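Observations on the model geometry
Listed below, chain by chain, are the residues.
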Amino acid sequence: MMSITTENPVEARARAAIEYACDQAGLDPAGARLIRDYANLVYELPAERVVLRLADASTPGKFERLRTSVRVTRWLAEQDFPAVRPLDVRQPVAAEGFFVTFWHHERHVGPPPDPVALGAVLRRLHALPPVPFDLPTYDPFGSVRRAIDACRVLSDADRDWLLERCAALSEAYYERLEFALPYGLIHGDAHRGNLLRSRGRLVLCDWDSVSAGPREIDLVPTLQGVRFGLTERQRNGFSEAYGYDITTWPGYPVLRDMRELQTLTAVLRNAHRDPRAHDELRLRLESLRAGDDRPWNPF
C-alpha cells in the first residue's frame, strides 16, 4: 500500500483515489509518481507502465466527456490511428472527488515533434470514416468561462473584460462564421505538446476535448502558436502538411482570438496557488487588453 501524507490535502485525496481506482482495475499502485499537474493530475505507475489521469469531478459534464475520450480512442485503435490507448478496464472510476482514467504509458523521447508532423497526423484524423456513435458538440467557451468564474485573483475589471470578450467572440463564432472545411470528428486541443514521439512513432494524446465540430478548430492552435515561438516556416510547413491554410480564410481571426482566450484556462485555475501561473496570467491579460502580439511563455 502507498503511504498517504496529510501535508497536502489534494495530494492525499489523489493518492487515496489512486489506491481505490487501482483496486477496482486490478492494478498495483506501488510507486505512483506525479508527472503532471496542469489541467489534470497525471501519475505514472512504474510497475504497470500505465498512466492515471485524475480529473476534477466537480466540472460539469466531465464524466461523460471522459467516457467519450475512452470510447473514441478505442475506436481509433481499431482504425490503426496513432492515438494513446486506454486500458481495457471499466472506466472512468469515481473516487475522492476525482474521475480516474487509465492509459498505456507513452514516454516521449527526443525534441518536440515539428508542426509538420502534427499537420500530417491531423490530415489523417480528419480523413477517417465517420465515428459510429454520437459525439458531443464542440463547446469553445464553456471551460474558459468556468475558469473565469472560479479564478481567485482576477480584479472585477479584468473579469468583466474577459466575460465581455467571450460574449463578443461567441456571437461571431455562432452567428457569422461560414466554415470552409467539413464538420466532423475533431481532437479539440491539437497543439504539438499533445503529439509524443514514443518508441519510434508519433502518438496523439490528451483526448479530453474530443468532439464533433468544424475541422478548422484543430488547425488554429498551431497557427496561433506564434505567441509561443513557432516560426513562420513551421506554421507554413504545418499548413502544407495538412493541405489547407486557414489563415487565408476570413474567419481565421475569430478562431485565433478564441484560442488565445482558451489558453488562459489553466493559468486562471492555478494562479492562486502557483506564482508562475499568476505571473503568466498577468502577462497574457495585459497583452490581450493592449491588443499587442508580445510573446507568451508555455505553461
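Preceding this paragraph is the structure being described.
Residues numbered from 1 in each chain as written. Predicted model: local features only at pLDDT ≥ 70, side-chain atom pairs only at ≥ 80, totals over all residues. Heavy atoms only, no water.

Examining the sheet that holds strand S4 (residues 93-95)
The five strands are arranged S1-S2-S3-S5-S4 in an open sheet whose pairing can be described as antiparallel. Whereas interior strands pair on both sides, the edge strands pair on one side only; in this sheet they are strand S1 (33-37) and S4. On average, each strand axis in the sheet is inclined to that of its neighbour by 30°, with strand direction left out of account. Two elements, S4 and strand S5 (residues 98-104), share three bridges in a ladder whose sense is antiparallel. Bridging across to S5, Val-93 finds its partner in Val-100. Of the strands in this sheet, S1, strand S2 (41-45), strand S3 (50-56), S4 and S5 are in contact with helix H1 (residues 9-25), which crosses S5 at around 60°. (Pairing = 2+ DSSP bridges. Helix = DSSP H or I, 4+ residues; strand = E, 2+ residues; numbered from the N terminus. Axes fitted to C-alpha atoms, helices over the stretch in contact; angles between N-to-C directions. Contact = heavy atoms within 4.5 Å.)

Structural notes on the packing of aromatic side chains
Overall, the coordinates contain six aromatic pairs when judged by the stated rule. Geometrically, the ring pair formed by Phe-63 and Phe-99 is edge-to-face, given 5.2 Å between the ring centres and 65° between the ring planes. One end of the pair, Phe-63, is in helix H2 (residues 62-78); the other, Phe-99, is in strand S5, with 36 residues separating them in the sequence. With a relative accessible area of 30%, Phe-63 lands in the partly exposed category. Ring centres 6.1 Å apart and planes at 70° place the aromatic pair Phe-228 and Trp-296 in the edge-to-face group. One end of the pair, Phe-228, is in the loop between helix H6 (216-223) and helix H7 (232-242); the other, Trp-296, is in the segment after helix H10 (275-290), and 68 residues separate them in sequence. Classification of Phe-228 by relative accessible area gives partly exposed; the value is 28%. The class of Trp-296 is buried, set by a relative accessible area of 2%. Above the face of the Tyr-38 ring, Arg-36 is positioned so that its terminal group lies 4.4 Å from the ring centre. Directly above the ring of Phe-133 sits Arg-71, whose terminal nitrogen or CZ lies 4.1 Å from the centroid. (Phe/Tyr/Trp six-rings, centres within 6.5 Å; stacked < 30°, edge-to-face > 60°. Buried < 20%, exposed > 50% of the residue type's maximum accessible area, 1.4 Å probe, protein only. Lys NZ or Arg CZ within 6 Å of the ring centre and 35° of its normal.)

Quick notes on the packing of helix H5 (residues 156-175) against H10
The axes of two packed helices give the description: the angle between them and the distance between them. Contact pair H5 / H10: the axes reach a minimum separation of 12 Å and the direction vectors enclose 60°. Of the possible angle classes, the one that applies to H5 and H10 is oblique. Here H5 runs over H10; the crossing is left-handed. Two secondary-structure elements touch here, H5 through Ala-157, Asp-158, Trp-161 and Leu-162 and H10 through Arg-282, Leu-285, Leu-288 and Arg-289. Grouping the constituent residues of the contact of H5 with H10 by class yields five nonpolar, no polar and three charged. (Parallel < 35°, antiparallel > 145°, perpendicular 65-115°, else oblique. Left-handed = near helix turned anticlockwise from the far one by under 90°. Nonpolar A, V, L, I, M, F, W, Y, C, P; charged D, E, K, R; others polar.)

As for helix H3 (residues 115-126)
Helical periodicity: at 3.6 residues per turn, an α-helix aligns residues three or four positions apart in one direction. The terminal C-alpha atoms of H3, which comprises twelve residues, lie 16 Å apart, in line with the 16 Å expected from a rise of 1.5 Å per residue. All of the buried residues along H3 are Pro-115, Leu-118, Gly-119, Val-121, Leu-122, Leu-125 and His-126. Viewed along the axis of H3, the buried residues span an arc of 165°, placing them on a single side of the element. Contacts from the buried residues of H3 go to H2, strand S6 (183-186), strand S7 (195-198), strand S8 (201-204), H6 and H7. Structurally, the start of H3 carries an N-cap: the backbone nitrogen of Val-116 is 2.8 Å from a side-chain oxygen of Asp-114. (Expected span 1.5 Å × (residues − 1). Arc of directions from axis to C-beta. Polar contact = N/O pair within 3.5 Å; in protein donor to acceptor, adjacent residues only side chain to side chain.)

Brief notes about the state of the cysteines
Overall, the coordinates contain zero disulfides when judged by the stated rule. Here Cys-22 is not disulfide-linked; the sulfur of Cys-205 is the nearest cysteine sulfur, at 20 Å. Of the residues examined, Cys-22 reaches a relative accessible area of 0% and is grouped as buried. Not part of a disulfide, Cys-166 finds its nearest cysteine sulfur in Cys-151, a span of 13 Å. For Cys-166, a relative accessible area of 0% translates into the label buried. (Disulfide = S-S within 2.5 Å.)

Without other data, these values stay purely geometric and don't point to any function.
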